[in-house]
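Chain and residue survey
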Amino acid sequence: MNKLFLICFFMLISTMSWAQDKVEMADVMRSNGKIYTVVAVCLTILTGLFVYVFLIDRKISKLEKENQK
Amino acid sequence: MKKSWWKILSFVLLVYTIVAGFLLDVPHLPILNETIRNLYFHVCMWFGMTILFGTSFYYSIKYLRGFNYRNDIYALNYAAVGCLFGILGYATGFEWVNVTWITDQGQSVGSVLKEPKLIGAAIALLIYGAYFVLRGSFTDIDKRARISAVYNIFAFAMLFPSIWIIPRIVGSLHPGAPGSDSGNPALDRKDLDATMRMVFYPAIIGWTLLGVWIATLKIRIQLMKDKNIINE
């Protein structure tokens, strides 16, 4: 049963890679010299930075509240 | 959360900066090519730095008017984040120089090192570096606050000749010097492309607000630490 599953799995993978070789689908991330990928990467970094700063902000607010008591 | 609208604004503006900054069309210029988009990042660092140093300068004067220790903490932390922006501006400028002046314009490394704008920016940052050294050398809090406030006013006064004025008088490769165009090309409405202006101004605001946010975090930590010293 396991072997059968593995065989099916690898066959699926091979068909997927074959499809990638030949067919070009509408893919935003690969158009225009893949500039959208750069935009996505930069946005991820920016979002990460802001989430980090926001978490520090919240931590300090909490400490300030405790300090006032 | 009521007072944090400007933090959200900063995030929105920076998302806009990256999306519009990478995807909108820019003028097609030789040597610069796509690197003209660095205007939204490299130049904004220097604008943000100037605004943060200006805020620090404002609080130093405020300190000297009433000797409230709180204003000294404000001045210190705005100057610290301003320095961070300056260092980032210097580093990004160096990356930009590498592919435009050195590789594509054929300038030698020697002539780039003699570049007045680079030397001026280094001097300005070192003057601010001395501000932190000066602060660290005092044990008395009041003396430290007073002398460093006076020094901070001097440092801000030196920022203008070393970064903005001298490089424009003696001539340099950097835009905004005699030989290229006079004045500040980024602020000249006739020089900067209309589409680029649409991204550039929000970018300045976004980056500056991010700097102010980080500075306020540092200030709040120090205010908590020095709660006993501050007399309200």
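Computed from a prediction, not measured in an experiment: that's the story for all the values here.

Moving on, we get to the overall build of chain A. Counting its regular elements, chain A contains 2 helices and 0 strands. For chain A, buried positions account for 0% of its 69 residues.

What follows concerns the overall build of chain B. What chain B contains, in helices and strands, is 7 helices and 0 strands. Overall, chain B shows an N-to-C arrangement of helices and strands of α-α-α-α-α-α-α. The C-alpha atoms of chain B give 19 Å as radius of gyration, which agrees with the globular expectation for 232 residues (17 Å, within 12%). When burial is assessed residue by residue, chain B has 34% of its 232 residues classed as buried. Across chain B, every contact between residues at least 6 apart in sequence was considered, and the portion connecting residues at least 24 apart equals 73%.

Moving on, we come to the interface of chain B and chain A. Each partner contributes residues to the interface: chain B has 14 residues there, and chain A has 14 residues. For the side of chain B that touches chain A, the secondary structure elements donating two or more residues are helix H1 (5-23) and helix H7 (194-225) of chain B. At 7 residues, H1 of chain B tops the list of elements feeding residues into the side of chain B that touches chain A. Along the lines of polarity and charge, the residues of the side of chain B that touches chain A split into 12 nonpolar, no polar and 2 charged.

Turning to the nonpolar core, a few remarks are in order. Formed by 50 residues in total, the largest nonpolar core has its most connected members in Cys44, Leu52, Ala75, Tyr78 and Ala79 of chain B. If sequence neighbours within four positions are ignored, Tyr78 of chain B has contacts with Leu52, Thr55, Ser56, Tyr59 and Ala215 of chain B.

This brings us to the packing of helix H2 (residues 35-68) of chain A against H1 of chain B. Contact geometry for H2 of chain A and H1 of chain B: axes closest at 10 Å, N-to-C directions at 165 degrees. Between H2 of chain A and H1 of chain B, the angle is such that the two are roughly antiparallel. Viewed along their axes, H2 of chain A and H1 of chain B form a crossing whose handedness is right-handed. Each of Ile35, Val38, Val39, Cys42, Leu43, Leu46 and Phe50 of chain A in H2 of chain A lies in contact with H1 of chain B, whose residues at this interface are Phe11, Leu14, Val15, Ile18, Val19, Phe22 and Leu23 of chain B. Among the residues making up the contact of H2 of chain A with H1 of chain B, the classes are represented as 14 nonpolar, no polar and no charged.

Moving on: the packing of helix H3 (residues 69-104) of chain B against helix H5 (residues 116-136) of chain B. All names here are of chain B. Between H3 and H5, the least distance of the axes is 10 Å, while the angle of their chain directions is 145 degrees. In this structure, H3 crosses over H5, and the sense of that crossing is left-handed. Each of Leu76, Ala79, Cys83, Gly86, Ile87 and Tyr90 in H3 lies in contact with H5, whose residues at this interface are Ala121, Leu125, Tyr128, Tyr131 and Arg135. The residue makeup of the contact of H3 with H5, split by class, is 9 nonpolar, 1 polar and 1 charged.

Residues and elements named next belong to chain B. Per-residue confidence for chain B averages 88 on the pLDDT scale, and 91% of its residues sit at or above 70. When the elements of chain B are averaged for pLDDT, helix H4 (residues 109-113) gives the smallest value, 81, and helix H2 (residues 42-66) the largest, 95. This complex was scored by the predictor with a pTM of 0.83 and an ipTM of 0.76.

This part is about the environment of Arg58 of chain A. All names here are of chain A. Tracing the backbone through its elements, the reader meets Arg58 in helix H2. Of the residues examined, Arg58 has 10 C-beta atoms within 10 Å and is grouped as exposed. For the pair Arg58 and Cys42, spaced 16 residues apart in sequence, the C-alpha to C-alpha distance is 24 Å.

All names here are of chain B. Mapped onto the fold, Val81 is located in helix H3. The exposure class of Val81 is buried, given the 25 C-beta atoms found within 10 Å. Along the sequence, Val81 and Gly120 sit 39 residues apart, while their C-alpha atoms lie 19 Å from each other. Filtering out sequence-adjacent residues up to four positions away, Val81 remains in contact with Leu52, Gly211, Ile214 and Ala215.

Residues and elements named next belong to chain B. The residue Leu39 is located in the loop between H1 and H2 in this model. In this structure Leu39 comes out as buried when scored by C-beta crowding, with 22 C-beta atoms within 10 Å. Residues Leu39 and Gly86 lie 47 residues apart in sequence; the distance between their C-alpha atoms is 15 Å.

Conventions used here
- Residues numbered from 1 in each chain as written.
- Chains lettered and ligands numbered in written order.
- Predicted model: local features only at pLDDT ≥ 70, side-chain atom pairs only at ≥ 80, totals over all residues.
- Helix = DSSP H or I, 4+ residues; strand = E, 2+ residues; numbered from the N terminus.
- Buried ≥ 20, exposed ≤ 12 C-beta atoms within 10 Å, placed from the backbone.
- Rg over C-alpha atoms; globule rule 2.2 N^0.38 Å.
- Contact = placed C-beta atoms within 7 Å.
- Nonpolar A, V, L, I, M, F, W, Y, C, P; charged D, E, K, R; others polar.
- Core = buried A, V, L, I, M, F, W, Y, C linked by C-beta atoms within 7 Å.
- Axes fitted to C-alpha atoms, helices over the stretch in contact; angles between N-to-C directions.
- Parallel < 35°, antiparallel > 145°, perpendicular 65-115°, else oblique.
- Left-handed = near helix turned anticlockwise from the far one by under 90°.
- pLDDT = per-residue confidence, 0-100.

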